[in-house]
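This is what each chain is made of:
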Amino acid sequence: MTTAKSWKIGREIGDAVVKASSNPNRRWYGPHMAASVRAISERIPLVDFVLEIRDARTPLSSEYELLRKFSPFSSKRIVVLNKMELADPLELKKWMAYFQGRNYLSYAVNSHNKECVKNFLNFLQSQVRELHKSGHSGHTTTMMLLGVPNVGKSALANSLHQIGRISAAEKGKLKHTTVSSQPGDTKDIMSLKIGSHPNVYVLDTPGVFPPKLLDAEICSKLALAGAIPDDIIGETELARFCLTLLNSSHEYKKWAKLCKSQDVTGSLSNESSTSSAQRKRQYPTDHTQDFIVYDVRRVLYETISVFNGNLEDDISMGELVETQFAALRTVLRVTEEASEFADLRVASKILNLYRTGRLGHYTLEHASC
């Protein structure tokens, strides 16, 4: 899914983030972020590689803007598109071609897939060997991970550390840097060893934004991807934006076969028909279970398919989204009588399913070659 139309709700979300970044009372750019920028600025000239981690769903919007003030710098820069498993595969290929066409060294990775991380580690080690061939005389190579909040820097650092230590058959306690789905949880720079002979270390750093964000369109994409704290916008509005984009895409058409049978079939992992006995052992309130995800997809497909309004119109789209919220209360087992609380619970679950790839693979911006 890519964003071709500028939706009103997206503009409103973007404007709200821009306003929040300019509000001194929200502590958008607090002392900890200013301190992080100073610490990063001091270390960049000392490292051998800068790995700029971006979200594969927002390859341009998640650019680490603060790197511009360091360019040109002596470190070798690699653009890493993390969370590739959540992005549209075809769009991801276009983005890799986009960066290659602009002479950017780039790599796409899934930090939760061991084989993928192992391949990425091999790629990094090949870059280290090239560095030494070019005359690098140090016994230790350092790589700094940089990026905006919540692009998966810490998860990637931990995976590289774990697999790097195993590959080198090193003993000793593994270190771990803090991993969280909430942006801004990494507060300090942490060094993790990922290779031996020569020694290679990655420096995991806190996610940093500029003191102010000025582009509302970029802000809306970052907010939906989870790079900006949800409480700035509210989960309900973000979920409405999420459903708006889903409704205007073709992703839902892949779920047509879900409506032809009450058995769980198709692309959901481990979703061959589920017996009554198995259902009894499942937890109906856990929205991440396969049979719940199946029901969510089916309801979304059905509500879009029977809708007679104009899906290019903001008002009509809003009506469809409200219909979907009402229908999703049932399949997500949300029973609150007060609609605002019910909508909030539905929104929280939908955002989680979207951000974990259970509602399809999405890329929020086109690659223009």
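Attention in this report is confined to the structure presented alongside it.

Conventions and cut-offs
Residues numbered from 1 in each chain as written. Predicted model: local features only at pLDDT ≥ 70, side-chain atom pairs only at ≥ 80, totals over all residues. Heavy atoms only, no water. Salt bridge = Lys/Arg side-chain N within 4 Å of Asp/Glu carboxyl O. Buried < 20%, exposed > 50% of the residue type's maximum accessible area, 1.4 Å probe, protein only. Helix = DSSP H or I, 4+ residues; strand = E, 2+ residues; numbered from the N terminus. Polar contact = N/O pair within 3.5 Å; in protein donor to acceptor, adjacent residues only side chain to side chain. Contact = heavy atoms within 4.5 Å. Expected span 1.5 Å × (residues − 1). Core = buried A, V, L, I, M, F, W, Y, C linked by side-chain atoms within 4.5 Å. Phe/Tyr/Trp six-rings, centres within 6.5 Å; stacked < 30°, edge-to-face > 60°. Pairing = 2+ DSSP bridges. Axes fitted to C-alpha atoms, helices over the stretch in contact; angles between N-to-C directions.

Evaluation of the coordinates by the stated rule reveals 18 salt bridges. Where Arg-57 meets Asp-55, a salt bridge forms, and the shortest distance between an N and an O atom there is 2.7 Å. When its relative accessible area of 3% is taken as the criterion, Asp-55 is described as buried. Ionic pairing is found between Lys-254 and Glu-251, a salt bridge with its closest N-O pair at 3.3 Å. Judged by its relative accessible area of 53%, Lys-254 is exposed.

Considering the arrangement of structural elements, one finds Ser-61 in the loop between strand E1 (49-55) and strand E2 (76-82). At a separation of 2.8 Å, a polar atom in the side chain of Ser-61 contacts the side chain of Glu-365. Excluding anything up to four places from it in sequence, Ser-61 contacts Ile-218, Lys-221, Leu-222 and Glu-365.

Next up on the list: helix H1 (residues 8-21). Along its 14 residues, H1 runs 20 Å from first to last C-alpha, staying within 8% of the 20 Å computed at 1.5 Å per residue. Buried residues of H1: Ile-9, Gly-10, Ile-13, Gly-14, Val-17, Val-18, Ala-20 and Ser-21, and no others. Looking at the packing, one finds that the buried side of H1 touches helix H6 (216-225) and helix H7 (235-247).

This part is about H6. Buried residues dominate H6, accounting for eight of its ten residues. Burial in H6 covers these residues: Ala-216, Cys-219, Ser-220, Lys-221, Leu-222, Ala-223, Leu-224 and Ala-225. Structurally, the start of H6 carries an N-cap: the backbone nitrogen of Glu-217 is 3.0 Å from a side-chain oxygen of Asp-215. Positive backbone phi, at 95 degrees, marks Gly-226, one or two positions downstream of H6.

Counting residues in each nonpolar core, the largest one holds 96 residues, and the members touching the most others are Leu-51, Phe-120, Val-296, Leu-328 and Leu-359. The element that contributes the greatest number of residues to this core is helix H9 (residues 290-305), accounting for nine residues. Among all residues touching Leu-359, those that are not within four sequence positions of it are Leu-246, Glu-251, Trp-255, Val-296, Arg-297, Leu-300, Ile-350, Leu-353 and Tyr-354.

Turning next to the packing of aromatic side chains. With the rule as written, the count across this model stands at nine aromatic pairs. Between Trp-95 and Tyr-98 the ring centres are 5.0 Å apart and the planes differ by 70 degrees, which places this aromatic pair in the edge-to-face class. Placement of both Trp-95 and Tyr-98 in helix H3 (residues 89-101) is noted, with a separation of three residues, approximately one turn of the helix.

Take the sheet that holds E1 next. Ordered by their spatial adjacency, six strands build an open sheet running E3-E2-E1-E4-E6-E5, and the pairing between neighbours is mixed. The two strands at the open ends of the sheet, each matched to only one other strand, are strand E3 (105-108) and strand E5 (190-195). Taken over all neighbouring pairs, the strand axes of this sheet differ in orientation by 25 degrees on average, direction set aside. Pairing of E5 with strand E6 (residues 199-204) involves five bridges; the strand directions are antiparallel. From the neighbouring strand, Leu-192 faces E6, where its bridge partner is Val-202. In the packing of helix H4 (residues 114-133) onto the sheet, contacts are made with E1, E2, E3, strand E4 (140-146), E5 and E6, and the angle to E3 comes to roughly 160 degrees.

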